[in-house]
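Listed below are the residues making up each chain.
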Amino acid sequence: MKGIACEDVAGHADFVSLHALPGIAVDLRYATRDNFVGKAVYGGLDCAWLRREAGEALLKAADWLAQRQGGWQLCVLDALRPQRVQEALYAELEGTPLVRYLAHPERGSIHSFGMAVDITLLDASGCELDMGAAFDEMDPISHPEFEAELLAQGRLQAHQLVNRGWLRAALRQAGFHGISTEWWHFDLGDRDAVRRDLPRVL
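Cut-offs used in this document
- Residues numbered from 1 in each chain as written.
- Predicted model: local features only at pLDDT ≥ 70, side-chain atom pairs only at ≥ 80, totals over all residues.
- Heavy atoms only, no water.
- Phe/Tyr/Trp six-rings, centres within 6.5 Å; stacked < 30°, edge-to-face > 60°.
- Buried < 20%, exposed > 50% of the residue type's maximum accessible area, 1.4 Å probe, protein only.
- Lys NZ or Arg CZ within 6 Å of the ring centre and 35° of its normal.
- Helix = DSSP H or I, 4+ residues; strand = E, 2+ residues; numbered from the N terminus.
- Expected span 1.5 Å × (residues − 1).
- Contact = heavy atoms within 4.5 Å.
- Salt bridge = Lys/Arg side-chain N within 4 Å of Asp/Glu carboxyl O.

(A) How the structure looks around the packing of aromatic side chains. On inspection of all chains with the given rule, the structure shows seven aromatic pairs. Taking the centre distance of 5.4 Å and the plane angle of 85 degrees together, the rings of Trp183 and Trp184 count as edge-to-face. Judged on exposure class, the residue Trp183 and its partner Trp184 are both buried. Cluster of aromatic residues (ring-pair linked, three or more members): Tyr30, Phe36, Tyr42, Phe135, Trp183 and Trp184. For the cation-ring pair, Arg51 lies above Phe15, with the distance from its terminal atom to the ring centre recorded as 5.6 Å. Above the plane of the ring of Tyr101 lies Arg100, whose end atom (NZ or CZ) is 5.3 Å from the centre.

Right under this line is the structure:
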């Protein structure tokens, strides 16, 4: 498989560090045990990177949000996820129902191209907004596709959907697209084109 070694990303002109993006908070959960596999999975790799076009789009989303909700901030929970990390995650969950939440390593996660973010919102005090489900809560309550039904059933509240709506609006107007199963996940641009045209980070 051709691509770029994760260790070489820091010196690569096509990538930008999350820490170089002003006004965007960074809390990479897979560098900690605070994720759905319950352990740090980056293995010491520096994964606080995106492709430059994704970083620029994220700044656009942050600016849009700041103009409408002063004091709120985007907080990146996962960005670049090298192929080797995707393979480790998949192996951890293979054979369980949770594996449906991961792209098969052969096909490739958009994270592994530096073109996806897992992301939430912080309020003016720096606290995460209530989205009705935690990051990596692998349950229908996290699925945007079921929000209307869950609201009707009382499992989600209107203010939680408003918060999700602000996140979605900020990311979408910058060119990101959500998915049906995770309120926190957004890909930039056309997924098929990303997989076809861009190098994977290994």
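(B) View of helix α4 (residues 158-173). With 16 residues, α4 ought to run about 22 Å at 1.5 Å a step, and its terminal C-alpha atoms sit 22 Å apart, in line with that. Of all the residues in α4, the buried ones are Gln160, Leu161, Asn163, Arg164, Leu167, Arg168, Ala170 and Leu171. Buried residues along α4 sit against α1 (52-68), β5 (73-78), β6 (116-122), α3 (147-153), β7 (176-178) and β8 (185-188). Downstream of α4 by a residue or two, Gly175 has a phi angle that is positive, lying close to 105 degrees.

(C) A look at the pattern of salt bridges. In total, this model carries 14 salt bridges according to the counting rule given. A salt bridge links Asp14 to Arg51; its shortest N-O distance comes to 3.8 Å. In this pair, Asp14 is assigned in the loop between β1 (3-4) and β2 (15-17) and Arg51 in strand β4 (residues 49-51), connecting sequence segments 37 residues apart. On the accessibility criterion, Arg51 (7% relative accessible area) is buried. Of the charged contacts, one joins Asp197 and Arg196 as a salt bridge, the two residues approaching to 2.9 Å between their closest N and O atoms. Its relative accessible area of 48% is what places Asp197 among the partly exposed residues. Ionic contacts of the salt-bridge type, sharing partners, join the residues Asp27, Arg29, Asp34 and Glu128 into one network.

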